[in-house]
Amino acid sequence: MDSCLGVEREVDKVLSKFNGINENANQVLQHISGQVDNLKQEFESIPSENELTLQQVTLLKQTLNQVVETLKRLTGDHRDLHSSVSKVGKAIDRHFTVDFAACSREDVFNGSDNERLLNQVICQHFYQQGMLDIAEHLAEEAGLTLEEEKTEPFSDINKILESLKKRDVTIALEWAEEHKVFLARHKSSLIFKLHQLRFIQLIEKGITHQAEAMQYARTFLTQYVDSYEKEIQNLMGTFLYLPQGLSGSPYAHYLTPTLWAEINEIFMHDACRFLGLSIDSPLSICINAGCTALPALLNIKYVMQQRQVSSMWNGKDELPIEIDLGPPHQYHSVFACPILRQQSSEQNPPMRLVCGHVISRDALNKLGHNVHKLKCPYCPVEQNASEAVELKF
C-alpha cells in the first residue's frame with residue numbers, strides 16, 4: 001500500500017504541474033495571438049505602395065521577439081514536464097520489484113512426491129471453488145487418483161451454493177436437516193436462517209399467501225422460539241404490512257440481498273467445518289500469506305544483496321527476518337526459547353524441565369554440558385538433563 005501511495009504522489013505532482021503549464025500556455029498563446037491579429041489588421045489597412053514607418057518596424061520586431069521568447073518558455077516548460085513524467089517511471093521501479101523470483105526457492109517442488117502434493121492442493125482448491133470440471137481435467141492430466149468419497153461432498157456443497165444463488169433453499173434445508181445434530185452441537189444458526197428466508201419468500205407473495213405463511217411459521221419457526229424469540233417476533237410483525245407490501249415498511253431490510261449473501265457464508269462455514277476443512281482453501285491461504293510477506297522479503301533481499309551477504313539466506317531453512325502476517329494467518333502456537341531467543345524447530349524442539357519451565361533442546365544441551373546436574377535458569381530446582389521431556393504443540 002505504501003508503494004502505491006508513493007507512486008500516486010509522483011503522479012499527482014505531474015498532473016498538478018501539467019494543469020499549471022496548460023493554463024499558463026493557454027493564457028500566453030491567447031495574448032500573443034491577439035497581438036498578432038491586431039498587428040495584421042493594422043498592416044492590412046496600409047496601402048500596398050506605402051513603406052512601413054520606423055515605429056511600425058519596431059512594433060513588428062517586438063512582436064516577433066515576444067513570439068520567440070514565448071516559444072522558448074513553453075519548450076522549457078514542456079521539457080520540465082517530461083522530466084517529471086520520467087520520475088513516475090523511476091518511482092514505479094523504486095517501489096515495485098519485478099524480480100519476484102529472488103525470494104523463491106526453485107528446489108521446493110522438485111521430485112515426483114512434491115509435484116503430486118502440489119497438484120492435489122490445486123485440485124482441492126478447484127473443487128472447493130466449485131470448478132469441478134477443471135479439477136477433474138487437472139487430476140486426469142497429472143495422473144491423480146481422486147477418491148469419490150472425497151470429491152462428492154464438494155459437488156454437493158456447490159450444488160447447494162448454486163441453488164442458494166437462485167434463492168432456492170430447498171436443497172440447503174435438506175442438507176441442514178440431515179446434519180442438524182452436528183449443527184446443534186456447534187450452535188449453528190443455519191437451519192433457522194434458512195426457514196426465515198423461506199418464510200420471507202411467502203410474505204413477499206402478498207396477502208394471497210397469508211394462510212400459507214402463517215402455517216409455515218407455526219410448523220417450523222415456533223420450534224426455535226427459545227433461541228430466536230426476538231427474531232421471530234419481528235417476523236410475525238410482517239403480517240401487518242401484507243396488503244401494501246414490505247418495501248415501504250419498517251421490515252424492508254428483510255428484502256435486501258445481504259440476507260442471501262449471509263446465508264451463503266453461514267452454509268459454507270458450517271459445511272467446511274463438517275468436512276474438517278477451513279473456509280479458505282490451503283492454496284488461497286498460502287497465496288494470501290505470500291502476498292502479505294512478499295514486500296518485506298523483497299526489501300531484505302535487496303539489502304542483503306547490497307551488503308553482499310545474500311548467501312546467508314540460502315544457507316538455512318529459516319527466513320533471515322521475522323515476518324508478522326497478522327491475526328488472519330496465525331494457525332498454531334510458536335515457541336521461542338527464552339534462553340537462546342530462537343524459535344523451536346524439528347531439530348531443536350521445546351523441552352519441559354522437571355520444574356515445569358520450558359527451554360529449547362540446544363539450551364538444555366548447553367546448560368547440561370559437562371555437568372552432572374543442571375540448575376533451572378528460572379528457579380532453584382536441580383535436575384538431570386535426561387529427565388527433560390520433549391513437548392509437542
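Residues numbered from 1 in each chain as written. Predicted model: local features only at pLDDT ≥ 70, side-chain atom pairs only at ≥ 80, totals over all residues. Heavy atoms only, no water.

K.L.:
In this structure, what is going on with the overall build of the chain? I would like to understand it.
P.N.:
Scanning the chain for helices and strands turns up 14 helices and 5 strands. Computed over the C-alpha atoms, the radius of gyration of the chain is 37 Å, more than 25% above the 21 Å expected from 2.2 N^0.38 for a compact globule of 393 residues. By residue count, 28% of the 393 residues in the chain fall in the buried class. In the chain, of all internal contacts separated by at least 6 residues, the share reaching a separation of at least 24 is 56%. Total accessible area on the chain is roughly 26900 Å²; 53% of this is exposed by carbon and sulfur atoms. Put simply, the chain has 37 plus and 51 minus side-chain charges, and the middle of one group is 7 Å from the middle of the other. (Helix = DSSP H or I, 4+ residues; strand = E, 2+ residues; numbered from the N terminus. Rg over C-alpha atoms; globule rule 2.2 N^0.38 Å. Buried < 20%, exposed > 50% of the residue type's maximum accessible area, 1.4 Å probe, protein only. Contact = heavy atoms within 4.5 Å. Areas by Shrake-Rupley, 256 points an atom, 1.4 Å probe, with all protein chains shown as cover. Lys, Arg positive; Asp, Glu negative; His and termini not counted. Charge placed at Lys NZ, Arg CZ, Asp CG, Glu CD.)

K.L.:
Quick question: what am I supposed to make of the sheet that holds strand β2 (residues 358-360) here?
P.N.:
Each strand in a sheet pairs with its neighbour through backbone hydrogen bonds, running either in the same direction (parallel) or in the opposite one (antiparallel). Taken in spatial order, the 3 strands make up an open sheet running β2-β1-β5, and their pairing is antiparallel. Bordering the open sheet on either side are β2 and β5 (389-390), each of which pairs with just one other strand. As paired strands, strand β1 (residues 350-352) and β2 are joined by 3 bridges and run antiparallel to one another. Note that in β2 the partner of Arg-352 across the bridge is Val-358. (Pairing = 2+ DSSP bridges.)

K.L.:
Which parts of the structure should I look at to understand the packing of aromatic side chains?
P.N.:
Within a pair of aromatic rings, the relevant descriptors are the distance that separates the centres and the angle that separates the planes. Across all of its chains, the model carries 10 aromatic pairs by this definition. Between the aromatic rings of Trp-175 and Phe-267, the centroid separation amounts to 5.2 Å while the plane-to-plane angle is 80 degrees, which identifies the pairing as edge-to-face. With a gap of 92 residues between them, Trp-175 in helix α6 (residues 170-178) and Phe-267 in helix α11 (residues 258-275) connect regions that are remote in the sequence. Of the two residues, Trp-175 and Phe-267, neither departs from the other in class, the shared state being buried. Arranged with centres 6.3 Å apart and planes meeting at 10 degrees, the rings of Tyr-251 and Tyr-254 form a pair that is stacked. Through a chain of ring-to-ring contacts, three or more aromatic side chains come together here, namely Trp-175, Phe-182, Phe-267 and Phe-274. (Phe/Tyr/Trp six-rings, centres within 6.5 Å; stacked < 30°, edge-to-face > 60°.)

K.L.:
Honestly, the UniProt feature "zinc finger region: RING-Gid-type" (unreviewed entry) in the chain in this entry has me stumped. Any pointers?
P.N.:
On the UniProt side, "zinc finger region: RING-Gid-type" (unreviewed entry) is annotated at positions that read residues 337-379 here. Here residues 337-379 is 16% helix and 19% strand, with 16 Å between the C-alpha atoms at its ends. (UniProt positions renumbered as here; feature names shortened; annotations may be inferred.)

K.L.:
Even after reading the chapter, I still don't get the packing of helix α3 (residues 112-128) against helix α12 (residues 282-306), so can you show me in this structure?
P.N.:
Relative placement of two packed helices is described by the angle separating their axes and the distance separating the axes. Running from N to C, α3 and α12 cross one another at 105 degrees; their axes reach a closest spacing of 7 Å. Here α3 is positioned roughly perpendicular relative to α12, judged by the angle of their axes. Every residue of α12 that contacts α3 at Val-121, Ile-122, Gln-124 and His-125 is listed here: Pro-282, Leu-283 and Ser-284. In the contact of α3 with α12, the residues fall into 4 nonpolar, 3 polar and no charged. (Axes fitted to C-alpha atoms, helices over the stretch in contact; angles between N-to-C directions. Parallel < 35°, antiparallel > 145°, perpendicular 65-115°, else oblique. Nonpolar A, V, L, I, M, F, W, Y, C, P; charged D, E, K, R; others polar.)

K.L.:
Looking at this model, I keep getting lost on the UniProt feature "domain: CTLH" (unreviewed entry) in the chain. Mind explaining?
P.N.:
The UniProt record annotates "domain: CTLH" (unreviewed entry) at residues 153-210. Taken as a whole, residues 153-210 contains 76% helix and 0% strand, while its terminal C-alpha atoms sit 37 Å from one another.

K.L.:
When you look at empty space enclosed by the protein in this model, what are you seeing that I'm missing?
P.N.:
Rolled over the atoms, a probe sized like a water molecule indicates the empty space that remains. In this structure the tally under the stated criterion is 1 cavity of 30 Å³ or more. Around the largest cavity, the lining residues are Lys-193, Gln-196, Leu-197, Leu-259, Glu-262, Ile-263 and Ile-266. The element best represented in the lining of the largest cavity is α11, accounting for 4 residues. When grouped by side-chain class, the residues that make up the lining of the largest cavity number 4 nonpolar, 1 polar and 2 charged. (1 Å grid on protein atoms, 1.4 Å probe; cavity = no way out; pocket = protein on both sides within 12 Å on 5 of 7 lines; lining within 4 Å. Points joined across faces, edges and corners; volume = space filled by probe spheres on them.)

K.L.:
Mind showing me how you'd approach the environment of Val-11 here?
P.N.:
By the secondary structure assignment, Val-11 is in helix α1 (residues 2-44). Exposure remark for Val-11: the relative accessible area of 31% places this residue in the partly exposed category. In the structure, Val-11 is positioned 73 residues away from Ser-84 in sequence and 8.7 Å away in space, judged by C-alpha atoms.

K.L.:
Could you clarify how one ought to interpret the pattern of salt bridges in this entry?
P.N.:
If charged atoms from side chains of opposite charge come close, those side chains can pair. Enumeration over the complete set of coordinates arrives at 5 salt bridges. The salt bridge involving Glu-177 is made with Lys-180; its shortest N-O contact spans 4.0 Å. Using a relative accessible area of 44% as the deciding quantity, one classes Lys-180 as partly exposed. (Salt bridge = Lys/Arg side-chain N within 4 Å of Asp/Glu carboxyl O.)

K.L.:
Mind showing me how you'd approach α3 here?
P.N.:
For an α-helix the count is 3.6 residues per turn, leaving residues at separations of three or four pointing the same way. Across its 17 residues, α3 extends 24 Å between first and last C-alpha, which sits within 8% of the 24 Å expected from 1.5 Å per residue. Looking one or two residues past α3, Gly-130 carries a phi angle of roughly 85 degrees, positive in sign. (Expected span 1.5 Å × (residues − 1).)

K.L.:
I would appreciate a short explanation of unusual backbone geometry in the present structure.
P.N.:
Negative phi is the rule for most residues except glycine; trans is the rule for most peptide bonds. A positive phi angle, near 55 degrees, is found at Lys-187, a position not held by glycine. Tracing the backbone through its elements, the reader meets Lys-187 in the loop between α7 (180-185) and α8 (190-204).

K.L.:
Could you clarify how one ought to interpret the environment of Ala-336 in this entry?
P.N.:
Tracing the backbone shows Ala-336 in the loop between α13 (311-315) and β1. You can call Ala-336 partly exposed: its relative accessible area is 47%. With 257 residues separating them in the primary sequence, Ala-336 and Arg-79 have C-alpha atoms 58 Å apart. When residues no more than four places from it in sequence are discounted, the contact partners of Ala-336 are Gln-342 and Gln-343.

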